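Architecture and fold: a report
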Amino acid sequence: QVHLVETGGGLVRAGGSLRLACASSGRVFINPRMGWFRQAPGPGKEREFIAAITGDKAWYTEAMKGRFTISRDDIKDILYLQIDDLKPEDTAVYYCAAGRPYSGDYRDAGEYNYWGQGTQVTVSS
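What counts and how
- Residues numbered from 1 in each chain as written.
- Predicted model: local features only at pLDDT ≥ 70, side-chain atom pairs only at ≥ 80, totals over all residues.
- Heavy atoms only, no water.
- Helix = DSSP H or I, 4+ residues; strand = E, 2+ residues; numbered from the N terminus.
- Rg over C-alpha atoms; globule rule 2.2 N^0.38 Å.
- Buried < 20%, exposed > 50% of the residue type's maximum accessible area, 1.4 Å probe, protein only.
- Contact = heavy atoms within 4.5 Å.
- Areas by Shrake-Rupley, 256 points an atom, 1.4 Å probe, with all protein chains shown as cover.
- Lys, Arg positive; Asp, Glu negative; His and termini not counted.
- Charge placed at Lys NZ, Arg CZ, Asp CG, Glu CD.
- Polar contact = N/O pair within 3.5 Å; in protein donor to acceptor, adjacent residues only side chain to side chain.
- Core = buried A, V, L, I, M, F, W, Y, C linked by side-chain atoms within 4.5 Å.
- Phe/Tyr/Trp six-rings, centres within 6.5 Å; stacked < 30°, edge-to-face > 60°.
- Lys NZ or Arg CZ within 6 Å of the ring centre and 35° of its normal.

1. Examining the overall build of the protein
A count of helical and extended segments in the protein gives zero helices and eleven strands. Scaling as 2.2 N^0.38, a compact globule of 125 residues should have a C-alpha radius of gyration of about 14 Å, and the protein matches this with 14 Å. With respect to the three principal axes, the spread of C-alpha positions in the protein is 40 × 30 × 25 Å. Residues classed as buried in the protein amount to 38% of the 125 residues present. Long-range pairs, those at least 24 residues apart, make up 59% of the contacts in the protein with a sequence separation of at least 6. Surface exposure of the protein reaches about 6,800 Å², of which carbon and sulfur atoms provide 48%. Looking at charge distribution, the protein has the averaged site of its 15 positive side-chain charges lying 1 Å from that of its 15 negative ones.

Shown next as structure tokens:
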């Protein structure tokens, strides 16, 4: 079985920073694509792509580039998301996910096979 568990969320003031972590257990894939998504509160919200990484290659949307940094520790088998200069609009549940490399559009949540339960990030002004 494969389990992904996100940690590191919490309540922070605007301008602060958080480092989220995603620990993997069980066998995922050989050289998996790992990604971070978030889902803002409220109705009709979809999981929004933040960043993805396969090996040493990382991808971001233009909107996420700068304040968000994805990285991985292959020895510890942990995926990280560093968030700097947090803003109230960053409030969301943050998810990590795993999928097959080059299986499709890395920005599409449907391309990922395994998901964590999410960790809540709340940013106050």
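2. Side note on the side chain of Asp90
Tracing the backbone shows Asp90 in the loop between strand E8 (78-83) and strand E9 (92-99). A distance of 2.8 Å separates polar atoms of two side chains, one belonging to Asp90 and the other to Arg67. In contact with Asp90, not counting residues within four places along its chain, are Arg38, Arg67, Phe68, Asp85, Val121 and Val123.

3. Some remarks on the nonpolar core
Core analysis: the biggest nonpolar cluster contains 23 residues, and Leu20, Trp36, Ile50, Leu79, Leu81 and Tyr94 have the highest contact counts within it. Elements supplying a minimum of two residues to this core: strand E3 (18-25), strand E4 (33-39), strand E5 (48-54), strand E7 (68-73), E8, E9 and strand E11 (119-124). Broken down by element, this core gets its largest block of residues, four residues, from E9. Leu79 has contacts with Leu20, Ala21, Cys22, Met34, Gly35, Trp36, Ile53, Ile70, Ser71, Arg72 and Cys96, leaving out every residue within four places of it along the chain. Phe37, Phe49, Ala52 and Ala97 belong to the second largest nonpolar core, which has five residues in total.

4. What to know about the packing of aromatic side chains
Throughout the structure, instances matching the rule amount to seven aromatic pairs. A connected cluster of aromatic rings, assembled from ring pairs, spans Phe37, Phe49, Trp59, Tyr95, Tyr106, Tyr112 and Trp115. Arg19 extends its terminal NZ or CZ atom over the ring of Tyr80, reaching a point 3.8 Å from the ring centre. Here the guanidinium or amino end of Arg47 rests over the ring plane of Trp115, the centre of that ring lying 4.7 Å away.

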